[in-house]
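# Residue-level structure breakdown
Each chain is listed here by its residues.
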Amino acid sequence: MRNFLYTLITFLVLTNVNAQVLSPVKWTTKIEKVSETEFNLIANGTIQEGWHVFSQFTPDGGSLPMVLNFKDVKGNYELVGKAKESPYQKVYSDVFEVDEYIFEDKVTVTQKVKITNPKTTKIKLNLEYQVCKEACINDNKDLVFNIPAVSSVVTTTASQDTIQESDNQFSTVIDTATTENTIKQAEPKVTEPIKDEKSLWTIFFIAFVSGFAALLMPCIFPMIPMTVSFFTKQSKSKAEGIRNAVLYGLSIIAIYVILGSLITGIFGAEALNELSTSVAFNIIFFALLVVFALSFLGAFEIMLPSSWATKIDSKADKGGFVGIIFMALALAVVSFSCTGPIVGTLLVESASKGGIAPIVGMLGFSLAIALPFMLFAMFPGWLNSLPKSGGWLNTVKVSLGFLELAFAFKFLSNADLVLQKHLLERELFIAIWIAIFGAWALYLFGKYMLPHDYEKADKIGVGRLIMAIVVTTFTFYMIPGLWGAPLKILSGLTPPIHYAESTNGFGSSNSNKSELPEHAHFGPHGIIAFEDYDLGLAYAKKVNKPVLLDFTGDACANCRKMEDNVWSDPEVLKILKNDVVLISLYCDRKIDLPKDKQYVSKTTGKEVVTIGNKWTDFQITRYKSNSQPLYVILDTDGKDLSKPIAFTFDKQEYKKWLEDGIAAYKK
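The notes below deal with the structure included here.

### What to know about the overall build of the protein
A count of helical and extended segments in the protein gives 18 helices and 20 strands. Taking all 667 residues of the protein together, 46% fall into the buried category. Taking as baseline every contact in the protein between residues at least 6 positions apart, the subset at least 24 positions apart corresponds to 71%. When the accessible surface of the protein is totalled, it reaches about 33,900 Å², and 60% of it is carbon and sulfur.

Here it is as structure tokens:
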């Protein structure tokens, strides 16, 4: 019964997908007047239930981001800054192994413009986006904004980056979706900063754990009993000692939270959020984390000027509330050689999340450091249970150094992915991590020493042995990744599988390229494929085989699922390699067509200017569908031999569909 229901639901979904040209997003437009020559162009999209649209800021390597193409900009108007969006959701894609930013139910995009030609009465925008449910659709809409008459235009030589935002208390709203351009006074809508609750809790947890790791550093751990003893002995009563310790802990929290607030205030939440895809940001912090790692490993010490600690320490001797604050500040300064790299790493990671993440990160970090001082002051007897200082503290420090070094390469990988230089592909990245974690494991087993270690011991502790085994296990786990293993534990950390020297795993390039027909390439699983319809059809006629027409996309998640789960089946793969000619038409390719090949679609009335536009228009015109994946069996004259089939996980159904199409060709 369950199989029957699943088949029925799948049939209904796919029937619905194939039966019509879908348009799950309905757009309306309006204008906000900011000044005599400046306007906010606002596009509001209403998304059908179950569908989602991707943000223009969604990270590279995943689904297609939204693209805004403004027409006739030069000489008529200027774009002021980047287009702003309503809050999006962050979701993890198992297919592309990256976080994606999506909108559900509704989306608002706002672009500020400055009119430079008073004769400008209309602004045209072509909005390209991908919308997904069971299938993905590459859609685009032509929107028109009616601009009210501009009496005069003030010429300015300032660049658009220096144009200041208006502080008007009220703005004029013009709804261009209606027939009447009625001007209405309305209070401006303030866009709330994007909030990602899950991400903030993750930052807090990581920061909290990092704070406890910092406590185990040689710079801080020995200070716990010393500081607590100071409060308990110098205070007139136990209650006063507890109060002073609590004030000390709260002062530590305040110092680090203020640091996070300064980072957010100086750079701004929006700027921080854009850092994650900045090449310069990722390269700078790769270098910074390498420096932090080398410091932890013992190459040198990162120290603040000693005069700072001396001055702050003299203030701490004054006692009272002010003295306690300066004691907390002294702890932060004196322990900087240990905490600095951890704090720096946290600020780097939280800054890439944007918003208030740096503040949340510093709150979690400082809370972990402050808690022991407060708790041990309340319960002094617990001090006896603390382990004695020793070489194990440096082991913790060195271990964090190895982790810092490993994560440094994640930032370098981000920069490489954005630039698509293929300098740090998946295999090389994994090899570097294997080397780092392997060296860490050997260190934990006591095979070598680093500058700040004590004399080499004849034996290691149980805790260190367990940690060594864990690190060794993780190292061995990564080794199959060199040969194409997915390494799901590391999803989101390593470059995606397709960003590799051997995109289908080690040995996938065993097909001899000399066997490739002209204009063909090796597609998924080594299948010979064409990306041009006419060239593929000509080859099919030459070898007398039917065509498998594959409407797909570079950022089509369900296309990848079909290739990974259905095409990989041995029986299906045998058919795809031997019995058909595969023509894959990528409906999301942004490569421009030659000017003489561009046209206006007779079916949709839209401009066809890219390769993706061309194949999308072909799919809509011929099959009344704009969702991918979509598969059709054709004969060598391009006539359909089968009804189109879309996304399905049923391997036997897909195999039978292929066999029926091939049988029809042979009749």
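### A short note on the packing of helix 12 (residues 426–444) against helix 13 (residues 462–478)
The geometry of helix 12 relative to helix 13 is characterised by a closest axis approach of 9 Å and an angle of 160° between their N-to-C directions. Viewed along their axes, helix 12 and helix 13 adopt a mutual orientation that is roughly antiparallel. Two packed elements cross with a definite hand, and for helix 12 against helix 13 that hand is left-handed. Across the interface between the two elements, Ile430, Trp433, Ile434, Phe437, Gly438, Trp440, Ala441, Tyr443 and Leu444 from helix 12 touch Arg464, Met467, Ala468, Val471, Thr472, Phe474, Thr475 and Met478 from helix 13.

### Let's talk about the environment of His422
Checked against the element boundaries, His422 lands in the loop between helix 11 (391–419) and helix 12. Classification of His422 as partly exposed rests on a relative accessible area of 35%. The spatial distance from the C-alpha of His422 to the C-alpha of Glu501 is 8.5 Å, given a sequence separation of 79 residues.

### Observations regarding the packing of helix 16 (residues 570–578) against helix 18 (residues 651–666)
Packing of helix 16 against helix 18 leaves a shortest axis separation of 9 Å and a crossing angle of 30°. One way to sum up the angle between helix 16 and helix 18 is to call them roughly parallel. The two elements helix 16 and helix 18 cross, and the hand of that crossing is left-handed. Where helix 16 approaches helix 18, its residues Glu571, Val572, Ile575 and Leu576 are matched on the opposing element by Lys651, Gln652, Tyr654, Lys655, Leu658, Glu659 and Ile662. By residue class, the composition of the contact of helix 16 with helix 18 is six nonpolar, one polar and four charged.

### Some thoughts on the packing of aromatic side chains
Scanning all chains against the criterion turns up 22 aromatic pairs. Plain terms: the ring middles of Phe551 and Phe618 are 5.8 Å apart, the flat faces sit at 55° to each other, and that makes the pair tilted. Of the two residues, Phe551 sits in strand 15 (residues 547–552) while Phe618 sits in helix 17 (residues 611–623), which places them 67 residues apart along the sequence. On the basis of relative accessible area, Phe551 is assigned to the buried category, the value being 0%. Summarising the aromatic geometry, the rings of Trp567 and Tyr631 are spaced 6.0 Å apart at their centres and angled 50° between planes, so their arrangement reads as tilted.

### Some points on the sheet that holds strand 15
Read from one edge of the open sheet, five strands run 13-14-16-15-20, paired in mixed fashion. Edge strands, defined here as strands with exactly one partner in the open sheet, are strand 13 (521–522) and strand 20 (630–634). Strand contacts of helix 14 (residues 533–543): strand 14 (528–530), strand 15, strand 16 (581–586) and strand 20, with the helix running at about 175° to strand 16, the strand carrying the most contacts. Of the strands in this sheet, strand 15, strand 16 and strand 20 touch helix 17, which is tilted by about 115° from strand 15.

### Brief notes about the environment of Ile284
Residue position: Ile284 is located in helix 6 (residues 279–297). Residue classification places Ile284 among the exposed residues on the basis of a relative accessible area of 53%.

### Let's talk about the side chain of Glu128
Here Glu128 lies in strand 9 (residues 122–132). Take Glu128: its relative accessible area is 12%, and that puts it in the buried class. Non-local contacts of Glu128, meaning those with residues more than four positions away in its chain, are made with Pro65, Met66, Val67, Asn69, Asp139, Asn140, Lys590 and Asn613.

### Quick look at helix 13
Over its 17 residues, helix 13 extends 25 Å from the first C-alpha to the last, a length consistent with the 24 Å expected when each residue adds 1.5 Å. Packing partners of the buried residues in helix 13 comprise helix 12.

### Examining the pairing of strand 20
Burial runs high along strand 20: five of the five residues are buried. Side chains of strand 20 alternate between two faces, with Leu630, Val632 and Leu634 and Tyr631 and Ile633 buried alike. In this structure, strand 15 lies alongside strand 20, joined through five bridges in antiparallel fashion. Pairing of Asp550 across the sheet is with Tyr631, part of strand 20.

### Focus on the side chain of Asn40
Within the secondary structure, Asn40 is located in strand 2 (residues 38–47). Owing to a relative accessible area of 14%, Asn40 belongs among the buried residues under this scheme.

### Let's talk about helix 16
If you check which residues of helix 16 are buried, you get Val572, Leu573, Ile575 and Leu576. Looking straight down helix 16, one finds its buried side chains confined to an arc of 160°; they lie on one side. Exposed and facing more than 90 degrees away from the buried side of helix 16 are Pro570 and Lys574. Residues of helix 16 that are buried sit in contact with strand 15 and helix 18.

### Re unusual backbone geometry
Outside of glycine, negative phi angles account for most residues, and trans bonds account for most peptide bonds. With an omega of 0°, the peptide bond running from Gln628 to Pro629 counts as cis. Turning to its location among the elements, Pro629 is positioned in the loop between strand 19 (627–628) and strand 20. Of note in the backbone geometry, His519 takes a positive phi value of approximately 75° without being a glycine. Looking at where His519 falls in the secondary structure, it is placed in the loop between helix 13 and strand 13.

### Things to note about the pattern of salt bridges
Following the criterion strictly, the structure yields nine salt bridges and no others. Lys112 is the salt-bridge partner of Glu38, the closest N and O atoms lying 4.0 Å from each other. Of the two residues, Glu38 is situated in strand 2 and Lys112 in strand 8 (residues 106–115); the sequence distance between them amounts to 74 residues. Overall, Lys112 belongs to the buried group, its relative accessible area being 4%. Residues Asp660 and Lys656 are paired through a salt bridge, measuring 3.0 Å at the closest nitrogen-oxygen approach. Here Asp660 pairs with Lys656, and both are found in helix 18, just four residues apart, close to one helical turn. Sharing partners across several salt bridges, the network here consists of Glu571, Lys655 and Glu659.

Rules of the game
- Residues numbered from 1 in each chain as written.
- Predicted model: local features only at pLDDT ≥ 70, side-chain atom pairs only at ≥ 80, totals over all residues.
- Heavy atoms only, no water.
- Helix = DSSP H or I, 4+ residues; strand = E, 2+ residues; numbered from the N terminus.
- Buried < 20%, exposed > 50% of the residue type's maximum accessible area, 1.4 Å probe, protein only.
- Contact = heavy atoms within 4.5 Å.
- Areas by Shrake-Rupley, 256 points an atom, 1.4 Å probe, with all protein chains shown as cover.
- Axes fitted to C-alpha atoms, helices over the stretch in contact; angles between N-to-C directions.
- Parallel < 35°, antiparallel > 145°, perpendicular 65-115°, else oblique.
- Left-handed = near helix turned anticlockwise from the far one by under 90°.
- Nonpolar A, V, L, I, M, F, W, Y, C, P; charged D, E, K, R; others polar.
- Phe/Tyr/Trp six-rings, centres within 6.5 Å; stacked < 30°, edge-to-face > 60°.
- Pairing = 2+ DSSP bridges.
- Expected span 1.5 Å × (residues − 1).
- Arc of directions from axis to C-beta.
- Salt bridge = Lys/Arg side-chain N within 4 Å of Asp/Glu carboxyl O.

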